[in-house]
Amino acid sequence: MDVSIVIPLFNEEESLPELSAWIKRVVDEHQLSYEVIMIDDGSTDDSWKVVNQLSANNSHIKGIRFQRNYGKSAALNEGFKAAQGDVIITMDADMQDSPDEIPELRRMVLEGGYDLVSGWKKKRYDNTFTKNLPSKLFNAAARSMSKIKLNDFNCGLKAYKKKVVKSIEVYGEMHRYVPVLAKWAGFRNIGEKVVEHRARKYGVTKFGWSRFINGFLDLLTIFFVGKFGKRPMHFFGLWGTLFFTLGLALFSYLTVSKFFFDVTGMTQRPLFFFALMIMIIGTQLFLAGFLGELITRNAPERNHYLIEEKLGL
Ligand code: UDP
Ligand code: MG
């Protein structure tokens, strides 16, 4: 199969018929064999009914329905598991992404040598203050933390080699960082293509203000898990030991001055409390690191490596 189109959707009943007709027009014109996987992320409107009708009229259209709303990441993850095409393309259901981009994205993955090609909404039709500015900040932070040179991490329109989507796991709110997940899995050829962006035609955005907080926290998670996920002691142990040692040194100084130089009123001194505090914090950090280390040692994934190729085995 040439291409799988994975579409997460949450209350998008009005868009689906138009979107699927457009996709069909494009893939037929380019004579691609295809499947469309629509993942209904617990919609409360008639989206699932619409998916059923579309699927009844076109056997290339497949559907997965969640029992409740799990989020875009979960929807993508299930879509990735089910996808069978050589190239997998994700797009939003709200028709902000244009299906006309499908053939070129596919060509870039197959012939351009890219593992992943991410869309770039260079000209964006969203609200400037709630979307465009925050997303500039977000992208700058993601770029500097991940060292991936993308202008637009969060674009819903992306194309992947089959191998990539079968190697990564998207969960939580990680759909914003799929390129980072791909890079961790060892897929370094990440490209970008300027794509046409359109204003939302039907319905409303599904991400409110919580996107800023969650997006930022996920960025920290990505950073920490990536750097110290498999070796927590190197972070917590280091700072724990430093804090503890500094506290101990301060206490030694206080002790010496009390017993050898008859300085009194130790517990009146800020330094005393400071030393006490950092020794306790140091111990806590060390313990956190140690517990983290024990947990990673027992994690079932601890020896999970992606093997590129095998010879003679
Ligand atoms: N979506 C989803 N589950 C959710 C939230 C959103 O599957 O919990 C889908 C939504 O239906 C759309 C895509 O994710 O197809 C992008 O959402 P939206 O257009 O609301 O985001 P925006 O373009 O405003 O960033
Ligand atoms: Mg949208």
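This structure is a prediction, so every number in the text was calculated from the model and none was measured.

Asks: Could you give me a rundown of the overall build of the chain, with the residues and numbers involved?
Replies: Scanning the chain from N- to C-terminus turns up ten helices and seven strands. For the chain, whose C-alpha radius of gyration is 26 Å, the value lies well above the compact-globule estimate of 20 Å for 313 residues. Relative to its 313 residues, the chain shows a buried fraction of 35%. Contacts in the chain between residues at least 24 apart in sequence constitute 83% of all its contacts with a sequence separation of at least 6.

Asks: Can you lay out the packing of helix H9 (residues 233–261) against helix H10 (residues 270–298) for me, pointing to particular residues and giving the numbers?
Replies: At a closest axis distance of 7 Å, the pairing of H9 and H10 adopts a crossing angle of 155°. By the angle between their directions, the pair H9 and H10 is classed as roughly antiparallel. The chirality of how H9 crosses H10 is left-handed.

Asks: Could you give an account of the sheet that holds strand E5 (residues 116–120), naming the residues involved and the relevant values?
Replies: Strands sit in the order E3-E2-E1-E4-E6-E5-E7 across an open sheet of seven strands; the sheet is mixed. Because the sheet does not close on itself, it has two edges, and the strands there are strand E3 (61–65) and strand E7 (190–194). The mean inter-strand angle of the sheet, taken between neighbouring strand axes irrespective of direction, is 20°. Where strand E1 (residues 3–9) meets strand E4 (residues 87–90), four bridges bridge the pair, whose relative direction is parallel. From the neighbouring strand, Val 6 faces E4, where its bridge partner is Thr 90. Each of E1, strand E2 (34–40) and E3 touches helix H1 (residues 15–29); the most contacted strand, E2, lies at about 160° to it.

Asks: Let's hear about helix H3 (residues 72–82): which residues, and what values?
Replies: Among the eleven residues in H3, eight count as buried, and that is most of the element. Next to the buried residues of H3 lie E1, E2, E4 and helix H6 (162–167).

Asks: Can you lay out the site of ligand 1 for me, pointing to particular residues and giving the numbers?
Replies: Around ligand 1, a shell composed of 17 residues is seen, among which Pro 8, Phe 10, Ala 93, Thr 205 and Lys 206 lie nearest. For the shell around ligand 1, the secondary structure elements donating two or more residues are E1 and H3. Residue composition of the shell around ligand 1, grouped by class: six nonpolar, five polar and six charged.

Asks: Can you tell me about the domain arrangement of the chain, naming the residues and giving the values?
Replies: Split into domains, the chain comes out as domain 1 (3–228) and domain 2 (233–297). If you average the C-alpha positions of domain 1 and of domain 2, the two centres end up 48 Å apart.

Asks: Please set out the nonpolar core residue by residue, giving values where relevant.
Replies: Core analysis: the largest hydrophobic core is formed by 58 residues, its most contacted members being Ile 5, Ile 7 and Ile 89. Sequence-distant contacts of Ile 89, that is, excluding residues within four places in its chain, are made with Val 3, Ile 5, Ile 102, Leu 105 and Ala 159.

Asks: Any details on the pairing of E1? Residues and values, ideally.
Replies: Side chains on a regular strand alternate between the two faces of the sheet. With respect to burial, E1 is a largely interior element, seven of its seven residues being buried. Chirality of the crossover, the property in question, places the unit of E1, H1 and E2 among those that are right-handed.

Asks: Give a description of the pairing of E4 that names residues and reports values.
Replies: Residues Val 87 and Ile 89 line one face of E4 and the alternating positions Ile 88 and Thr 90 line the opposite face, and both faces are buried. Both E4 and strand E6 (residues 158–161) contribute to a ladder of four bridges, which runs antiparallel. Bridging from a neighbouring strand, Ile 88 pairs with Tyr 160 of E6.

Asks: Explain the environment of Asn 132 to me, using residue names and the numbers behind them.
Replies: Of note, Asn 132 is situated in helix H5 (residues 128–146). Overall, Asn 132 belongs to the partly exposed group, with 13 C-beta atoms counted inside 10 Å. Once residues within four sequence positions are removed from consideration, Asn 132 is found in contact with Arg 124 and Asp 126.

Asks: Got a sec to walk through H10? Specific residues and values, please.
Replies: Taking 1.5 Å as the rise per residue, H10 with 29 residues should run 42 Å; its terminal C-alpha atoms sit 42 Å apart, in good agreement. Looking only at H10, the buried set comprises Ala 275, Gly 282, Leu 285 and Gly 289. Against the buried residues of H10 lie H9.

Rules used in this analysis
- Residues numbered from 1 in each chain as written.
- Chains lettered and ligands numbered in written order.
- Predicted model: local features only at pLDDT ≥ 70, side-chain atom pairs only at ≥ 80, totals over all residues.
- Helix = DSSP H or I, 4+ residues; strand = E, 2+ residues; numbered from the N terminus.
- Rg over C-alpha atoms; globule rule 2.2 N^0.38 Å.
- Buried ≥ 20, exposed ≤ 12 C-beta atoms within 10 Å, placed from the backbone.
- Contact = placed C-beta atoms within 7 Å.
- Axes fitted to C-alpha atoms, helices over the stretch in contact; angles between N-to-C directions.
- Parallel < 35°, antiparallel > 145°, perpendicular 65-115°, else oblique.
- Left-handed = near helix turned anticlockwise from the far one by under 90°.
- Pairing = 2+ DSSP bridges.
- Near = placed C-beta within 6 Å.
- Nonpolar A, V, L, I, M, F, W, Y, C, P; charged D, E, K, R; others polar.
- Domains from an automatic or database assignment.
- Core = buried A, V, L, I, M, F, W, Y, C linked by C-beta atoms within 7 Å.
- Right-handed = clockwise from strand over helix to strand, strands pointing away.
- Expected span 1.5 Å × (residues − 1).

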